[in-house]
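Coordinates in review
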Amino acid sequence: MASLISFPMFARSVPRAFPTLYVARYLTLCAGLMTGMLPLAHAQNSNSAPTSTSSSASARQTLPDTIAQRVVACTACHGKEGRASSDGFYPRIAGKPEGYLFNQLTNFRDGRRQYPLMTYLLDHLSDAYLHEIANYFSEQHPPYPAPQPSDATPAVLERGRNLVMNGDSSKKVPACIACHGQVLTGVAPAVPGLIGLPRDYINSQFGAWRNGVRKAKAPDCMAQITQKLTLEDINAASSWLAAQAVPEGAVPAPATTVKLPLACGSATE
Amino acid sequence: MKRILLALILLIIAIPAVMVGMQFVDHDDDAPAQSAAPMNPEQQVIRGAYLARAGDCMACHTARGGQPYAGGRAIPTPFGTLYAPNITADKETGLGSWSAKDFWRALHHGKSKDGSFLYPAFPYPNYTKVTREDADALFSYLQTVKPVHQVNQEHALRFPYNYRILLAGWRALYFTPGSYAPESKQSVEWNRGAYLVQGLGHCSACHTTRNAFGATVDKSDLAGGLIPIMNWYAPSLTSDAEAGLGKWEMAHITALLKTGASPRSTVFGPMAEVVSQSLQHLTDSDIQAMAVYLKSLPQNDPPPALDTAQPDKATADRILQTGSKIYEQQCAECHQANGQGIAPAYSPMSGNRSLTMGSAVNPIRMVLNGGFPPSTEGNPRPYGMPPFGQALNDQEVAAVVSYIRNSWENRAGFVSPQEVNRYRSIPLD
C-alpha cells in the first residue's frame, strides 16, 4: 500500500530553515544586494561562448549571453561577483581556487555536503557547467571588506594565531599555513584561503566537520583535523582568522609551492 | 489514522477471497514466450539501455552520490519510507541471479523473484504495459551494469503497510496486469507516444491524484495531483487551465520535454529531474510521439480550485500594491514589467499556467527556493533563478505571488502568509 511516487524528495534530511540568527541581517543585506544584483550593464563576459543558441535565439529582449547573468541565482546570497560581506553567513566565493569551488559544487550536488538549498539548486547541472561556474567565480577579485571587529581577548587571539601559524604538535595538528598558503590566501588548484571569511562561517564549517555533515572525498583531511581540535581551539583560530585584513591583490598561491603535510582526497582534483 | 487502518483491514476482509486469492496464482504459464526473433545480444543491450532511460530507472534506484542502480534512495510516502533496491548485476544483493522471466514477472505482475508482492512505489501498474521484448532488452542491459555489492535497506513502513501480504487486497482492487493495446484508429506515432507515456514513462505516477490507498485511478488519469510528502503539484495534463497541451505548439512541447526549457515555461522541481535523467536522452522521434499523444488527450475541466479564504477588496488592493513593488524590485529585471519574460531563459509570467493553478504551492516554492533548469544538450548552460526565501518574509512572498497570480492576463486565488510559511519547512533534499 504504498503510493506511486517516483520522484522522492528524500525524507532523510531534517527540514532546515535559514539560520534564524541571520535572517534579519540578511533581509537588509540581500535586499540591498539584490536591487543591484542584476548587473546587466556590467555583466562580466567570461569566455562564455554562445553555445546555447537554441535557447537564446528566440529571445524577444536582449539577454546577456554571459556566465555572470546565468549565475544571478548564486550572487543573490553570495553577493555581487561572489564577494559576500564581512558580517555574514554566506561565504565569499570570489577568488577562491577553481578546483576548490568545483569540489564544493559537486560535494553539494552529490551529497557530501549538506545544505539542502545548494543541493536543490545544483541538482541537475552538469560537471562541465559547474566547472564553468567555478572558473567564473575564481576569476572575480572584488575588494575584500574590512575585517570584523573582534571581541576576543588578546589571549584567545594569540592562541589562535599560534595555532594558525604553528599548529599543535602535541595533537599532531599541522599549522593552517602548511596547506592554506603562507599568507592564508589558499593554494591552487583546490585549497581555499582562510582570511576574508566571517567567523560564524568558519565556526559553522568546523561544526559541520565535527558532526559529519560536511564531508569531502576520502581521505577527508579537514574532518580528521577537526576531530583533534577542542571548541576552544576552533574559537581561537576562527577569531584570529576573521580579524585579519586581506592584503590587496590577494590570490591563491601557485600550485607548486606547497607540499601538503597530510593526504587530502579533494586535493587531487 | 486509526480509523483509516481499521477501514483498511475491514475492506480487505470484505473483498471476495477469490479475488485476493487470484493474486497468489503463479504466472508461469501466461508469460509470452521470449520474442519470436530474438535480437542480436549487443543490440538488445543497447536497446535496453535506452529503455532504462525511458523508464527513468536510475532516478529511484540510485542514491545521491551512490553507484548507479545500486539502490538505497529513500522514497517517502504517506505510508512510510521505502528504499529502492539494488538492481545491478550483483549476484547476492542485486539482480545477478534473476532470469529474464523473473524480471518480466516483476515488471508485468509486480512480483519479486520469490513471488512476494512488490510495493507499487515501483510503478508496475504502468510497467505492466511494457512488451515482453522490451522487458527482455531492459533486463539484458541491467545484467551488464557493473555489479555493486550493496545490501538493500529494509523499508520503513508503518503498520499495517509493512505486511506485504496485504498487497493482495490492494492488487485485487487496483491492479490488473495488461499489455498496451494499440488504438487502430490512431497513427503509429500516437500509439508509440501512448505506449511510452502510459508504460515506461509512468507519467501518471505523479500527474494523477492518488486515493487514500496510494492508488491512481483511471478516471483521473493524468488529471494532476499534489505529490504527497514532496509537496510539488504535478499539474493536470488534461486541462487547459493547467498543463494540458491541447493549445501548445508542437515545437514548444518537444522543446520542454527534451531540453527542459521552452518559450512557454521551464521545468522545475521533480520534472527537472525527469528531463535531466530521462527525457533528454530519448530520440527526437520518441519525444515527438509523446508530444503527439499528450496533445491529443481530451481536455477536461480543471480540478476544482482550493477553497481558501480570499481577502476583501481593500485588503486585496493593498496586497497587490505591496506585491507590485516587490515584483518591480526583485522580479521585473528578468521577467519584465509586462510579465513577458525573456523566454526561454526567463519564463513569461503572463499566461503561464504553472503560476495560476488552484494550488499555489509551485510558485510559492519557486520564489522561496529559486532554481536552475537541468543542463541538457539543448540547454547546457541554463539561466538560474535566485532563491528569495532569505530576502523576503512570508507576507512579502505571499504578496508577490498573489500579485503574479492576478496581473496581466492571470486570475487566480490569493496566497496567504501562512501558506508560504508552511512550504518553508518542506525538505528540499
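From a predicted model like this one, the values you see are computed outputs, not experimental measurements. (Residues numbered from 1 in each chain as written. Chains lettered and ligands numbered in written order. Predicted model: local features only at pLDDT ≥ 70, side-chain atom pairs only at ≥ 80, totals over all residues.)

**Regarding the overall build of chain A**
We count it as follows: Secondary structure elements follow DSSP: runs of H or I no shorter than four residues count as helices, runs of E no shorter than two count as strands, and numbering proceeds from the N terminus. Any residue surrounded by 20 or more other C-beta atoms within 10 Å of its C-beta is treated as buried, while 12 or fewer makes it exposed and the intermediate range makes it partly exposed; C-beta atoms here are placed from the backbone.
For chain A, the count of helices and strands is 12 helices and zero strands. In chain A, the order of α-helices and β-strands from amino to carboxyl end is α-α-α-α-α-α-α-α-α-α-α-α. For chain A, with 269 residues in total, the buried portion stands at 45%.

**A word on the overall build of chain B**
Just so we agree on the cut-off: Contact criterion: two residues are in contact if their C-beta atoms, reconstructed from the backbone, are within 7 Å.
From N to C terminus, chain B includes 18 helices and five strands. Across its three principal directions, the C-alpha atoms of chain B cover 70 × 50 × 45 Å. Across the 429 residues in chain B, those meeting the buried criterion constitute 52%. Taking the contacts inside chain B whose residues are at least 6 apart along the sequence as the reference set, 65% of them involve residues at least 24 apart.

**Side note on the packing of helix α14 (residues 313-335) of chain B against helix α17 (residues 394-405) of chain B**
Residue and element names in this part refer to chain B. Filter applied, for reference: Here, axes are lines fitted to C-alpha atoms. For helices the fit covers the stretch in contact, and angles between N-to-C directions go from 0 to 180 degrees. Working rule for angles: under 35 degrees goes down as roughly parallel, over 145 as roughly antiparallel, 65 to 115 as roughly perpendicular, anything else as oblique.
Interhelical geometry of α14 versus α17 gives an angle of 90° and a closest axis separation of 7 Å. Classified by the angle their axes make, α14 and α17 are roughly perpendicular. Facing α14, whose interface residues are Ile-319, Leu-320, Thr-322, Gly-323, Ser-324, Ile-326, Tyr-327 and Cys-331, α17 presents Glu-396, Ala-399, Val-400, Ser-402, Tyr-403 and Ile-404.

**Here's the deal with the domain arrangement of chain B**
Keep this limit in mind: Segment limits for the domains were obtained from an automatic or database-derived domain assignment.
In terms of domains, chain B is made up of domain 1 (2-174), domain 2 (188-296) and domain 3 (313-424). Taking only C-alpha atoms into account, the centre of domain 1 of chain B sits 39 Å from that of domain 3 of chain B.

**Focus on the packing of helix α3 (residues 41-54) of chain B against helix α7 (residues 132-142) of chain B**
How two helices pack is summed up by the angle between their axes together with the distance between the axes. Residues and elements named next belong to chain B. It is at 7 Å that the axes of α3 and α7 come closest, and there the two elements cross at 95°. Here α3 is positioned roughly perpendicular relative to α7, judged by the angle of their axes. Of the residues in α7, those touching α3 at Pro-41, Gln-44, Val-45, Arg-47, Gly-48, Ala-49, Leu-51 and Ala-52 are Asp-134, Ala-137, Leu-138, Phe-139, Ser-140 and Tyr-141.

**With respect to the confidence of the model for chain A**
Residue and element names in this part refer to chain A. Heads up, the rule is: On a range of 0 to 100, pLDDT expresses the predictor's confidence in each residue.
Residues at a pLDDT of 70 or more form 74% of chain A, whose mean pLDDT is 79. Mean pLDDT per element in chain A: helix α1 (residues 20-35) is the minimum at 37, and helix α7 (residues 127-138) is the maximum at 98. Between residues 1-59, whose pLDDT stays under 50, and residues either more than four places distant or in other chains, the model counts 143 contacts.

**Quick word on helix α9 (residues 188-198) of chain B**
Within the span of α9(B), buried status applies to B:Arg192, B:Gly193, B:Ala194, B:Tyr195, B:Leu196, B:Val197 and B:Gln198. Contacts made by the buried residues of α9(B) are with α3, α6 (124-127) and α13 (284-296) of chain B.

**What to know about unusual backbone geometry**
Of note, the bond from A:Ala188 into A:Pro189 is cis; its omega dihedral lies within 30 degrees of zero at 0°. One can find A:Pro189 in the loop between α9 (176-180) and α10 (199-210). Here B:Ala343 and B:Pro344 are connected by a cis peptide whose omega angle stands at 0°. By the secondary structure assignment, B:Pro344 is in the loop between α14 and α15 (353-356). The phi dihedral of A:Lys172 is positive, around 55°, even though this residue is not glycine. Position of A:Lys172 relative to the elements: it lies in the loop between α8 (154-166) and α9. Assessed through the 12 C-beta atoms surrounding it within 10 Å, A:Lys172 is described here as exposed. You will see that B:His202, though not glycine, has its phi angle at about 35°, which is positive. One can find B:His202 in the loop between α9 and α10 (204-207).

**Quick word on the environment of A:Ala94**
Residue and element names in this part refer to chain A. By the element assignment, Ala-94 lies in the loop between α4 (72-78) and α5 (98-109). Overall, the presence of 24 C-beta atoms within 10 Å leaves Ala-94 in the buried class. The spacing of Ala-94 and His-78 is 16 residues in sequence and 8.7 Å in space, taken between C-alpha atoms. When neighbours within four sequence positions are excluded, Ala-94 is seen to be in contact with Glu-81, Gly-82, Arg-83, Phe-137, Gln-140, His-141 and Pro-142.

**Some thoughts on the domain arrangement of chain A**
Residue and element names in this part refer to chain A. Filter applied, for reference: All residues other than Ala, Val, Leu, Ile, Met, Phe, Trp, Tyr, Cys, Pro, Asp, Glu, Lys and Arg, Gly among them, are scored as polar; the first ten of these are nonpolar and the last four charged.
Along its sequence, chain A is carved into domain 1 (20-45 + 64-138) and domain 2 (154-268). Domain 1 puts 17 residues into the contact, and the matching count from domain 2 is 19 residues. A class-by-class count of the residues in the side of domain 1 that touches domain 2 yields four nonpolar, seven polar and six charged.

**Quick look at the nonpolar core**
One broad trend across soluble globular proteins is that nonpolar side chains are buried collectively. Put simply, the test is: Definition of nonpolar core: a set of buried Ala, Val, Leu, Ile, Met, Phe, Trp, Tyr and Cys residues joined via C-beta atoms within 7 Å.
Counting residues in hydrophobic clusters, the biggest one holds 148 residues, and the most contacted among them are A:Ile133, B:Met290, B:Ile364, B:Val397, B:Val400 and B:Val401. Listed in part, the 17 residues of the second largest apolar core include A:Cys176, A:Trp209, A:Ala242 and A:Val246.

**Remarks on the pairing of strand β1 (residues 74-77) of chain B**
All names here are of chain B. What counts, and what does not: When DSSP finds two or more bridges between a pair of strands, those strands are recorded as paired.
Covered by surrounding structure in β1 are Ala-74 and Pro-76 together with Ile-75 and Thr-77, the residues of both alternating faces. Two elements, β1 and strand β2 (residues 80-83), share four bridges in a ladder whose sense is antiparallel. Within the sheet, the bridge partner assigned to Thr-77 lies in β2 and is Gly-80. Hairpin remark: β1 followed by β2, antiparallel, with two residues in the connecting loop.

**Looking at the sheet that holds β2(B)**
Residue and element names in this part refer to chain B. What the three strands build is an open sheet, ordered β1-β2-β3; its pairing is antiparallel. Each edge of the open sheet carries a strand with a single partner, namely β1 and β3 (156-157). Summarising the sheet, β2 and β3 pair through two bridges and their orientation is antiparallel. Bridging from a neighbouring strand, Thr-81 pairs with Ala-156 of β3.

**Quick word on the confidence of the model for chain B**
Residues and elements named next belong to chain B. Mean pLDDT over chain B: 91, with 93% of residues reaching 70 or higher. Of all the helices and strands in chain B, helix α1 (residues 2-14) carries the lowest mean pLDDT, 72, while α17 carries the highest, 98. Interface scoring of the predicted complex returns ipTM 0.90; its pTM is 0.85.

**Section: the environment of B:Tyr161**
All names here are of chain B. Assignment of secondary structure puts Tyr-161 in the loop between β3 and α8 (167-174). With 23 C-beta atoms packed within 10 Å, Tyr-161 lands in the buried category. Sequence separation between Tyr-161 and Phe-79 is 82 residues, and the spatial gap between their C-alpha atoms is 6.6 Å.

**Comments concerning the environment of B:Ser204**
All names here are of chain B. Turning to its location among the elements, Ser-204 is positioned in helix α10. In this structure, the C-alpha to C-alpha distance between Ser-204 and Ala-223, residues 19 residues apart in sequence, is 8.5 Å. With near-sequence residues (within four places) excluded, Ser-204 lies in contact with Asn-126, Thr-216, Asp-221 and Leu-222.

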